Amino acid sequence: MKKTITYIIFLILILAVAYLWQANRDNTIDNNTGETETALHDIPEEYKLMINIEFSDQDVRELPYAYMEEQNLFDITQNTVEAYQWAFDYEDYGEMGILIKQIGDNTNGQDNKYWQYEVNDKSPMLSVDNFIPQAGDVITWKFQESEF
């Protein structure tokens with residue numbers, strides 16, 4: 001009987017740890033500090049922007065991002081992807097800039113689709129490492145067929 005109670009308590013503890021771990025992963029993460037969404041409310045609006053990642057039409061993630069110093073879009077994207085532990089790959093073409101090749105399971109060239117970004121529904125003609133977002137910007141990464 002004592003053995004059965006010990007097993008039940010052990011099982012309850014494992015389930016509680018698993019629940020807390022999953023609940024923590026679901027919170028939005030401040031990519032500079034690793035703190036959860038509640039801490040984002042303490043940061044002034046001039047240090048916030050929104051990142052949308054459209055893996056497909058059915059899978060769109062809206063992720064607030066907080067920062068404390070100017071960052072280019074490559075750093076912001078890399079910090080965000082790493083915070084959520086998604087796969088990430090890129091190619092650095094030197095003076096031409098950096099090209100994002102993979103976010104999550106979507107890799108450039110699959111079904112003739114490529115990662116492209118928009119800022120406030122417009123396509124900047126800058127490489128991701130040369131673009132500096134402003135506070136309040138909405139960055140949207142789309143995995144779609146290239147228009148070029």
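Our structure is the block above this text.
In this numbering scheme, every chain counts its residues from 1 along its sequence in written order. A pLDDT threshold of at least 70 governs which residues receive local features in this predicted model, and a stricter bar of 80 or more applies before side-chain atom pairs are shown or counted, although totals over entire chains, interfaces and linings include all residues. Based on all heavy atoms of the structure, the side-chain values leave hydrogens and waters out of the count.

A. The arrangement of the overall build of the chain in detail. The helix and strand labels rest on DSSP assignments: H or I over at least four residues marks a helix, E over at least two residues marks a strand, and numbering proceeds from the N terminus. Counting its regular elements, the chain contains three helices and seven strands. A total of 148 residues make up the chain; the buried ones form 35% of that total. Across the chain, every contact between residues at least 6 apart in sequence was considered, and the portion connecting residues at least 24 apart equals 51%. Carbon and sulfur atoms make up 52% of the accessible area of the chain, which totals about 9,900 Å². For every residue, the accessible area (1.4 Å probe, protein chains only) is compared with the maximum for its type, and the residue is labelled buried under 20%, exposed over 50%, or partly exposed between those bounds. Contacts are assigned to residue pairs with any non-hydrogen atoms lying within 4.5 Å of each other. Each accessible area value is a Shrake-Rupley result obtained with a 1.4 Å probe; residue values ignore everything except the protein chains displayed when judging cover.

B. Representation of the packing of aromatic side chains in the model. Working definition: rings of Phe, Tyr and Trp (its six-membered ring) pair if their centres are within 6.5 Å, and the pair is stacked with planes under 30 degrees apart, edge-to-face with planes over 60 apart, and tilted otherwise. Throughout the structure, instances matching the rule amount to 10 aromatic pairs. When the centroid spacing of 5.9 Å and the interplanar angle of 90° are considered together, the rings of Phe 55 and Trp 115 count as edge-to-face. With a gap of 60 residues between them, Phe 55 in the loop between strand 1 (48–54) and strand 2 (60–66) and Trp 115 in strand 6 (residues 113–119) connect regions that are remote in the sequence. Here the two residues Phe 55 and Trp 115 agree in accessibility, since each one is buried. Where Phe 74 meets Phe 88, the ring centres are 6.0 Å apart and the plane angle is 40°; that geometry is what we call tilted. With Phe 74 in helix 3 (residues 73–83) and Phe 88 in strand 3 (residues 88–92), the pair connects residues that are 14 residues apart, well separated along the chain. In textbook terms, an aromatic cluster arises when at least three aromatic residues are bridged by ring pairs, as seen for Phe 55, Tyr 84, Trp 86, Trp 115 and Phe 143.

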